[in-house]
Amino acid sequence: MKTVTTIGQLREHIGRARAAGRRVGLVPTMGALHEGHLQLCDAARRHADEVVLSIFVNPLQFGPAEDFDRYPRDLNRDAGLVSSRGVALLFAPETDEVFPNGSSPVRVHAPDLGNVLCGRFRPGHFEGVLTIVAKLFNMVRPDCAVFGQKDLQQASLIRRMARDLDFGIDVIVGRIVRDPDGIALSSRNAYLSADQRHSALALHRALSAAQAAFAAGADDPAVILGAARATLEAEPGVATQYVEVVDPESLATPDRVGRGHAVAVAAYVGSTRLIDNHILEQAGSVP
Ligand code: PAF
C-alpha cells in the first residue's frame with residue numbers, strides 16, 4: 001500500500017490504475033479507523049480492483065462547539081490497519097492541500113434531506129459533508145464509493161447528490177458493524193469511559209425494542225418509537241436527542257411503518273454524541 005498526501009500524486013496513481021483498465025473504488029473516512037471501516041474496504045474490494053481510502057478530518061462538517069480539535073488522529077495506526085485489507089492507496093492530505101484558500105465558499109447544499117434528523121441539531125453539518133465528498137469524488141473520480149449505514153442520513157444524502165449532480169459513481173452502503181454486546185462501532189466510542197460505554201448500550205437496546213414492537217405487529221410510528229423511547233429513558237446516563245422512524249431514501253416519516261423503514265436515534269452519553277439506526281427487518285404478523 002502506498003500513502004500520498006497531494007492531489008497531484010493521487011491523480012498520477014489513479015491515472016496509472018485507469019490506464020491498466022482497473023476499476024477504482026473510494027472509501028472516504030476521517031481516520032480513527034475501526035473494523036467498520038475495514039469492512040467498507042472489503043466491500044470496495046468486491047466492487048473495484050483498485051481501492052483508495054482517504055483520511056481527512058474535514059473542518060467544514062464540525063460545528064464551532066464540536067469535537068474537531070480532539071477528533072482522534074493517528075495516521076500510522078490507521079495505515080497499519082488498512083494495509084492488509086486490500087487498500088492500494090491511502091490518500092491523507094493536509095487541510096491546506098484540500099482548502100488552499102482556507103475554506104470553500106462554494107458548497108453543496110441539500111435543504112430538504114439535510115435539515116431533518118441530525119441536520120436539525122447540527123446546522124451546516126451535511127453541507128460540509130456533501131462539499132468534501134463532492135471534492136473527493138472530483139479528485140479521485142472513482143467508479144464506486146462506499147459509506148457506512150451507521151451514518152444513515154449521510155448515506156441518503158450522498159446517494160442523492162451522486163444522482164442529482166450526475167457524478168456517475170455507484171454509491172454502496174456497507175452494513176453497521178457492532179461489538180458482540182451490540183454497540184455500533186464508532187470512532188467516537190473512544191471518548192467513552194467504561195461506565196458511559198455501558199450506558200451507550202441503551203441505544204442498541206432501544207433499536208431492538210423498536211424491532212420487537214414491529215415484529216409483534218405494530219405499524220404505528222408512535223407505538224414503535226414509544227418502545228424505543230421508553231428503553232432510552234430507562235437509562236439515566238443517556239440524554240436522547242431524537243428517535244425517529246423514516247424511509248431511508250426520502251427520510252420522511254411514514255404514516256404506517258413497514259419492512260425497510262429505519263429507526264434512527266441520536267443521543268448524548270456524557271458529552272459524546274452517538275448515533276445509531278436499524279432497518280426494520282420483518283413484517284409484523286397480520287392481525
Ligand atoms: O463518514 C465520515 O467519516 C465523513 O462524514 C466523510 C464521509 C468521510 C466525510 O468527511
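Residues numbered from 1 in each chain as written. Predicted model: local features only at pLDDT ≥ 70, side-chain atom pairs only at ≥ 80, totals over all residues. Heavy atoms only, no water.

Peer 1: Hey, could you run me through the overall build of the chain in this one?
Peer 2: In terms of helices and strands, the chain carries 10 helices and 9 strands. The C-alpha atoms of the chain give a radius of gyration of 19 Å, which matches the 19 Å a tight globule of 287 residues would have. When the backbone C-alpha atoms are referred to their principal axes, the chain occupies close to 60 × 40 × 40 Å. Looking at the chain residue by residue over its 287 residues, the buried ones come to 52%. (Helix = DSSP H or I, 4+ residues; strand = E, 2+ residues; numbered from the N terminus. Rg over C-alpha atoms; globule rule 2.2 N^0.38 Å. Buried < 20%, exposed > 50% of the residue type's maximum accessible area, 1.4 Å probe, protein only.)

Peer 1: Looking at this structure, I do not really get the site of the ligand. What am I missing?
Peer 2: Surrounding the ligand, one finds Pro28, Thr29, Met30, Asn58, Gln61, Ile132, Val133, Phe147, Asp151 and Gln154. At a separation of 2.6 Å, an oxygen atom of the ligand approaches a polar side-chain atom of Gln61. In the model, an oxygen atom of the ligand is placed 2.7 Å from a nitrogen or oxygen of the Gln154 side chain. When the ligand sits alone it has 290 Å² of accessible area, and the protein chains cover 89% of it. Of all the elements in the fold, those that place two or more residues in the shell around the ligand are β2 (24-29) and α7 (125-140). (Near = heavy atom within 4 Å. Polar contact = N/O pair within 3.5 Å; in protein donor to acceptor, adjacent residues only side chain to side chain. Areas by Shrake-Rupley, 256 points an atom, 1.4 Å probe, with all protein chains shown as cover.)

Peer 1: Which parts of the structure should I look at to understand the sheet that holds strand β4 (residues 87-91)?
Peer 2: In sheet architecture, strand pairing relies on hydrogen bonds along the backbone and comes in two forms, parallel and antiparallel. Spatially, 6 strands are ordered β1-β4-β3-β2-β5-β6 in an open sheet, and the strand pairing comes out parallel. Single-partner strands in this sheet number two, and they are β1 (2-4) and β6 (170-174). Geometrically, the sheet is characterised by an average inter-axis angle of 25 degrees between neighbouring strands, direction not taken into account. Relative to β4, strand β3 (residues 50-55) is paired through 4 bridges, and the arrangement is parallel. From the neighbouring strand, Val51 faces β4, where its bridge partner is Val87. Against the sheet, helix α8 (residues 152-164) contacts β5 (144-148) and β6, and its axis sits at roughly 170 degrees relative to β6. (Pairing = 2+ DSSP bridges. Axes fitted to C-alpha atoms, helices over the stretch in contact; angles between N-to-C directions. Contact = heavy atoms within 4.5 Å.)

Peer 1: Even after reading the chapter, I still don't get empty space enclosed by the protein, so can you show me in this structure?
Peer 2: Which parts of space are left empty comes out when a probe the size of a water molecule is rolled across the atoms. Following the criterion strictly, the structure yields 1 cavity of 30 Å³ or more and no others. The calculated volume of the largest cavity comes to roughly 90 Å³. As for the largest cavity, its lining consists of Lys150, Gly182, Ile183, Ala184, Ser186, Asn189, Ala200, Leu203, His204, Leu274, Ile275 and Asp276. Of all the secondary-structure elements, those providing two or more residues to the lining of the largest cavity are α9 (194-215) and β9 (272-279). Tallied by class, residues from the lining of the largest cavity come to 6 nonpolar, 4 polar and 2 charged. (1 Å grid on protein atoms, 1.4 Å probe; cavity = no way out; pocket = protein on both sides within 12 Å on 5 of 7 lines; lining within 4 Å. Points joined across faces, edges and corners; volume = space filled by probe spheres on them. Nonpolar A, V, L, I, M, F, W, Y, C, P; charged D, E, K, R; others polar.)

Peer 1: I'm lost on unusual backbone geometry in this one. Help?
Peer 2: Excluding glycine, a negative phi dihedral is what most residues carry, and trans is how most peptide bonds are arranged. Non-glycine residue Leu117 carries a positive phi angle of around 45 degrees. You can see Leu117 is positioned in the loop between α5 (111-114) and α6 (118-121). Taking the relative accessible area as the measure of exposure, Leu117 reaches 1% and is therefore buried. At Asp166, a position not held by glycine, the phi torsion is positive, near 55 degrees.

Peer 1: Looking at this model, I keep getting lost on the pattern of salt bridges. Mind explaining?
Peer 2: Two side chains with opposite charge may pair up if their charged atoms get near one another. This model, assessed by the stated rule, comprises 19 salt bridges. We note a salt bridge from Glu12 to Arg16, for which the minimum N-O separation is 3.9 Å. Note that Glu12 and Arg16 are positioned in helix α1 (residues 7-19) at a spacing of 4 residues, about one turn of the helix. Residue classification places Glu12 among the exposed residues on the basis of a relative accessible area of 53%. Three or more residues joined by partner-sharing salt bridges are found here, namely Glu35, Asp42 and Arg85. (Salt bridge = Lys/Arg side-chain N within 4 Å of Asp/Glu carboxyl O.)

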